[in-house]
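Chains, contacts and geometry: an overview
Next come the chains, spelled out residue by residue.
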Amino acid sequence: MGGRTGGSALRLLAISGSARRASTNTALLQAVAEVAPPGIEISVFDGVGRLPVFSPDLEDGPPPPGVQAFMEAIARADGLIVASPEYVHAIPGGLKNAIDWLVSGEHIIGKPVALMHASHRGENMLAALRLVLSTVTERFAPDIFLRLPLMKMTPEAIMEAVGAGAYRDEVLGFLDGFAGYCRATGARPPL
Ligand SMILES: Cc1cc2nc3c(=O)[nH]c(=O)nc-3n(C[C@H](O)[C@H](O)[C@H](O)COP(=O)(O)O)c2cc1C
C-alpha cells in the first residue's frame, strides 16, 4: 500500500491482467504501490482469475460476491492503472472478462485510466486494450504510459528494480503525471 497521509489521499486501483502467481505485471503494480509517495494510495487487484465468466443474464440479480467487491473497488478509486500481458496477440481473457462486467454499470464511466506494461513486447494487446478502455471511459489517458522490460524477472527482482533501483524515478514520474491527470479531471482537489 502506498503512503497515505490522510483523508485526502488520491486512491488508485491497480488492476493486473495476469492470473499467474509470479506475474511480472502484478509484481510491477505491487512495487509501484510500495513506492507511491505520500498523498497517493494504491491498492492492487490481482483477482481477474477469480471472477465468473460474464453474461448479461447474470446482471438480472445481485452481482456474484467477487464481482460486487470488484465493482466496489472500482467505485472507490479515483483512477485505475492497468498492466497486462499479451496472450495470443490479444488481451488475456480474464482481463477482458473483468472489463465486460463493468460495461453496463456506472462506475467505469468517466474514470481516469492509464496503462503500465511489464514487457518490451505485446503491441497487439496494447492496441486492443487502448481501444477497449477508451470505449468504456472518456478519461482513458493514452499518453500516460510506462513500459518497463521486466519479462521473466522474479517478483523479488522487480521489487528491487522499482523500489531502489533503475526504475524508481520513471515510476514516480508516471505516478506524478497520472495523479495530476486524475486531479485535473475532477477526481479529487489538489493536495
Ligand atoms: C498463453 C500465452 C500466450 C502468449 N502470447 C503472447 C503473444 O502473443 N505475444 C507476446 O509478446 N507474448 C505472449 N506471451 C508471453 C507473455 O505475454 C509474457 O510472458 C508476459 O510477460 C507475461 O506476463 P506476466 O508475467 O504478468 O504473466 C504469451 C504467454 C502465454 C502464457
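Attention here is on the structure that accompanies the text. Only a predicted model underlies this, so the values are computations on that prediction, with no experimental measurement involved. (Residues numbered from 1 in each chain as written. Predicted model: local features only at pLDDT ≥ 70, side-chain atom pairs only at ≥ 80, totals over all residues. Heavy atoms only, no water.)

Re the site of the ligand
Inspection of the region around the ligand gives 13 residues, with Ser 18, Arg 20, Ser 23, Thr 24 and Glu 86 positioned closest. At 2.7 Å from an oxygen atom of the ligand is found a side-chain nitrogen or oxygen belonging to Arg 20. In this structure, an oxygen atom belonging to the ligand sits 2.7 Å away from a side-chain N or O atom of Thr 24. Compared with its free state, where it exposes 640 Å², the ligand has 70% of that area covered by protein. (Near = heavy atom within 4 Å. Polar contact = N/O pair within 3.5 Å; in protein donor to acceptor, adjacent residues only side chain to side chain. Areas by Shrake-Rupley, 256 points an atom, 1.4 Å probe, with all protein chains shown as cover.)

Considering the environment of Val 53
Within the secondary structure layout, Val 53 lies in the loop between β2 (40-45) and α2 (65-76). Placed 45 residues apart in sequence, Val 53 and Ala 98 show a C-alpha to C-alpha distance of 8.4 Å. The residues contacting Val 53, other than those within four sequence positions of it, are Leu 58, Asn 97 and Trp 101. (Helix = DSSP H or I, 4+ residues; strand = E, 2+ residues; numbered from the N terminus. Contact = heavy atoms within 4.5 Å.)

Looking at the pattern of salt bridges
If you walk through the whole model with that rule in mind, you get three salt bridges. Notably, a salt bridge pairs Asp 46 with Arg 50, separated by 3.7 Å at the nearest N-O pair. The partner of Glu 123 in a salt bridge is Arg 147, and the shortest N-O contact between them spans 2.7 Å. Of this pair, Glu 123 sits in helix α4 (residues 123-136) while Arg 147 is found in strand β5 (residues 140-147), placing the two residues 24 residues apart along the sequence. Accessibility expressed as a relative area gives 27% for Arg 147, which makes it partly exposed. (Salt bridge = Lys/Arg side-chain N within 4 Å of Asp/Glu carboxyl O. Buried < 20%, exposed > 50% of the residue type's maximum accessible area, 1.4 Å probe, protein only.)

Remarks on the environment of Gly 110
In this structure, Gly 110 sits in the loop between α3 (93-102) and β4 (113-117). Remark: the alpha-carbon pair of Gly 110 and His 120, spanning ten residues in sequence, is separated by 29 Å.

Describing the packing of α2 against α3
For any two helices packed against each other, the geometry comes down to the angle between their axes and how far apart the axes lie. Between α2 and α3, the shortest axis-to-axis distance is 11 Å and the interhelical angle comes to 75 degrees. Accordingly, the angle class assigned to the pair α2 and α3 is roughly perpendicular. Contacts between α2 and α3 pair Val 67, Phe 70, Met 71 and Ile 74 from the former with Ala 98, Trp 101 and Leu 102 from the latter. (Axes fitted to C-alpha atoms, helices over the stretch in contact; angles between N-to-C directions. Parallel < 35°, antiparallel > 145°, perpendicular 65-115°, else oblique.)

As for the packing of aromatic side chains
With the rule as written, the count across this model stands at four aromatic pairs. Ring geometry for Phe 45 against Phe 70: centres 4.7 Å apart, planes inclined by 35 degrees, an arrangement best described as tilted. Within this pair, whereas Phe 45 is found in strand β2, its partner Phe 70 is found in helix α2, the two being separated by 25 residues in sequence. Of the two residues, Phe 45 and Phe 70, neither departs from the other in class, the shared state being buried. (Phe/Tyr/Trp six-rings, centres within 6.5 Å; stacked < 30°, edge-to-face > 60°.)

Considering the nonpolar core
In this structure, Leu 12, Ile 42, Ile 81, Met 116, Phe 174 and Leu 175 are the most contacted members of the largest nonpolar core, which totals 33 residues. A total of seven residues in this core trace back to one element, the largest contributor, which is helix α1 (residues 24-35). Beyond its immediate chain neighbours, meaning those up to four positions away, Met 116 contacts Leu 28, Leu 29, Val 32, Ile 81, Val 82, Ala 83, Ser 84, Phe 145, Leu 146 and Phe 174. Ranked by size, the runner-up nonpolar core spans 29 residues in total, among them Leu 51, Val 67, Ile 99 and Ile 108. (Core = buried A, V, L, I, M, F, W, Y, C linked by side-chain atoms within 4.5 Å.)

Looking at helix α6 (residues 168-184)
Taking 1.5 Å per residue as the helical rise, α6 with its 17 residues ought to reach 24 Å, and the 24 Å between its terminal C-alpha atoms agrees with that figure. Those residues of α6 that sit buried are Val 171, Phe 174, Leu 175, Phe 178, Ala 179, Cys 182 and Arg 183. Looking straight down α6, one finds its buried side chains confined to an arc of 160 degrees; they lie on one side. For α6, the exposed residues lying more than 90 degrees away from the buried face are Asp 169, Asp 176 and Ala 184. In the stretch just after α6, Gly 186 is the one whose phi turns positive, near 100 degrees. (Expected span 1.5 Å × (residues − 1). Arc of directions from axis to C-beta.)

Section: the sheet that holds strand β3 (residues 79-83)
With parallel pairing, the five strands of this open sheet are ordered in space as β2-β1-β3-β4-β5. Each end of this open sheet is capped by a strand with a single partner; those strands are β2 and β5. Taking the axes of each pair of neighbouring strands and ignoring which way they run, one obtains an average angle of 25 degrees across the sheet. Direction of pairing for strand β1 (residues 10-16) relative to β2: parallel, over a ladder of six bridges. Paired with Leu 13 across the two strands is Ser 43, which belongs to β2. (Pairing = 2+ DSSP bridges.)

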